[in-house]
Amino acid sequence: MKVKVRVPATSANLGPGFDVAGLAVTLYNTFTFELIDSGFEIIGCPEQFSGADNMTYQSFLRGAEACGLKFGGVRIECKDEVPYTRGLGSSSTCIVAGIVGAFAFMESYEDRQAILNLATEIEGHPDNVAPAIFGGLTVSVMGKSVTTLQIPVKNDYRFVALIPPFTLSTELSRSVLPAEVTRKDAIGNISHLSLLVASLINGYDEGLRIGFHDHLHQPYRGSLIQGYDEIMSCLESDPAILGCYLSGAGPTIMAVIHADDLMGVVRIKDELGHLLDGWDVQKLELDLQGFKCDYE
Ligand code: HSE
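Below: a short report on this structure.

The rules behind each value
Residues numbered from 1 in each chain as written. Predicted model: local features only at pLDDT ≥ 70, side-chain atom pairs only at ≥ 80, totals over all residues. Heavy atoms only, no water. Phe/Tyr/Trp six-rings, centres within 6.5 Å; stacked < 30°, edge-to-face > 60°. Helix = DSSP H or I, 4+ residues; strand = E, 2+ residues; numbered from the N terminus. Buried < 20%, exposed > 50% of the residue type's maximum accessible area, 1.4 Å probe, protein only. Lys NZ or Arg CZ within 6 Å of the ring centre and 35° of its normal. Near = heavy atom within 4 Å. Polar contact = N/O pair within 3.5 Å; in protein donor to acceptor, adjacent residues only side chain to side chain. Areas by Shrake-Rupley, 256 points an atom, 1.4 Å probe, with all protein chains shown as cover. Nonpolar A, V, L, I, M, F, W, Y, C, P; charged D, E, K, R; others polar. Pairing = 2+ DSSP bridges. Axes fitted to C-alpha atoms, helices over the stretch in contact; angles between N-to-C directions. Contact = heavy atoms within 4.5 Å. Parallel < 35°, antiparallel > 145°, perpendicular 65-115°, else oblique. Left-handed = near helix turned anticlockwise from the far one by under 90°. Core = buried A, V, L, I, M, F, W, Y, C linked by side-chain atoms within 4.5 Å.

With respect to the packing of aromatic side chains
For the structure on display, the rule yields 8 aromatic pairs. Note on F33 and F60: the rings are 5.5 Å apart at their centroids and 15° apart in plane angle, and the pair reads as stacked. Residue F33 is located in strand β2 (residues 21-36), and its partner F60 is located in helix α1 (residues 55-67); the two are separated by 27 residues in the primary sequence. Judged by relative accessible area, which is 0%, F33 ranks as buried. Accessibility expressed as a relative area gives 0% for F60, which makes it buried. Over the aromatic face of F291 sits the side chain of R112, whose NZ or CZ is 3.9 Å from the ring centroid.

This is how it looks when you write it as structure tokens:
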């Protein structure tokens, strides 16, 4: 028997929701797990990620320990659509898939709360793993357990991912953040995230135009991304763009448009011109399902 797990890419933070908010999008990594007599085999991912420290394998081990799965070895086959180290949650897909894969051999992969708690423990924060598990737009609070709520988004939006040709590690992107923030910046983010969430629930697009503003991480991370200031100010000056933000730890930049803005991608490419040389632009939708697990 094989277990096949498909996990969506995610876009975390949404500007002011640093380490709290995230959404799942229609781009997927797929992992197939098969129990073997001993050891591990990892197929389909670059050589440098195929060792024992492979994140999917390590998460499978943690998942197996948590759900009581006894096994000799495991073969993992990966099919990737989500670009690595670009702020689209590729490592979260590995963590979630590894845990789900192990839970599936014990027929407990629908215990999404247990998967969320363990995935958050491994990742350190829930903003990417929560939407990868539950789908849609989520907000999460860390406590003894992780409390995640899926936010109903009233209007039909599209998420235009501007994906650079270069990578940015989360470690480096977090290292430039200050350890402490001012009360003004804290209030700034609480107010903007509240407005953003309320606007998404109520379909209040004017609120989105203000709500994506962030004080806690984007101002520090921008200098790590070539062309960041020009790209953001160009996107912000387009009246049809409802908001833009740094996706996760970057370097991908996300622009939010209405589903019926059919020329949005063409217009964005035109407006940004040479700033997008070598960049990949993908128009994505919200994934509302989260991970999907099947037996083969
Ligand atoms: N919230 C995280 C960050 C997402 O911005 O660093 C990437 O892991």
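What about the site of the ligand?
Every residue close to the ligand is listed here: N13, F18, D19, H125, D127, N128, T170, R174, R221, G248 and A249. Separating an oxygen atom of the ligand from a side-chain N or O atom of R174 is a distance of 2.6 Å. Here an oxygen atom of the ligand sits 2.8 Å away from a polar atom, N or O, in the side chain of R221. Expressed as a share of its isolated accessible area of 260 Å², the protein-covered part of the ligand is 95%. Among the residues making up the shell around the ligand, the classes are represented as 2 nonpolar, 5 polar and 4 charged.

Focus on the sheet that holds strand β8 (residues 243-246)
Judged by pairing direction, the sheet is antiparallel, and its 4 strands sit side by side in the order β8-β9-β7-β10 without closing on themselves. Strand pairing shows two members of the sheet lacking a second neighbour, β8 and β10 (280-284), which therefore form its edges. Across the sheet, the mean angle from the axis of one strand to that of its neighbour is 20°, orientation sign disregarded. In the sheet, strand β7 (residues 157-163) pairs with β10 via 5 bridges, with the strands oriented antiparallel. Residue pairing across strands places V160 opposite K283, the latter belonging to β10.

Some thoughts on the pairing of strand β6 (residues 146-151)
Relative to β6, strand β5 (residues 137-142) runs antiparallel, the two sharing 6 bridges. Each bridged residue has a counterpart across the sheet, and for V141 the counterpart in β6 is T147. Counted along the chain from β5 to the antiparallel partner β6, the turn is 3 residues long.

Focus on the side chain of R112
In this fold, R112 is placed in helix α3 (residues 112-123). Setting aside residues no more than four positions away along its own chain, R112 makes contact with I133, F134, Q289 and F291.

Side note on the packing of helix α9 (residues 228-236) against helix α10 (residues 264-272)
α10 packs onto α9 with a crossing angle of 130° between their chain directions and a minimal axis gap of 10 Å. The angle between α9 and α10 falls in the class oblique. Note that α9 runs across α10; the crossing there is right-handed. Where α9 abuts α10, its residues I231, C234 and L235 lie against I268, E271 and L272. Of the residues belonging to the contact of α9 with α10, the class tally is 5 nonpolar, no polar and 1 charged.

Considering the nonpolar core
Residues F33, V96 and F291 are the most contacted members of the largest nonpolar core, which totals 37 residues. Broken down by secondary-structure element, the contributors of at least two residues to this core are β1 (2-12), β2, α1, β4 (73-79), α2 (90-105), α3 and α4 (129-134). Here this core takes 10 residues from α2, the largest share from any one element. Judged by nonpolar contacts, the second largest core, of 25 residues, contains V82, L200, V256 and L284.

Concerning the environment of I133
Within the secondary structure layout, I133 lies in helix α4. The spacing of I133 and L27 is 106 residues in sequence and 14 Å in space, taken between C-alpha atoms. The residues touching I133, leaving out its near neighbours within four places in the chain, are V96, R112, I115, L116, A119, Q289, G290 and F291.

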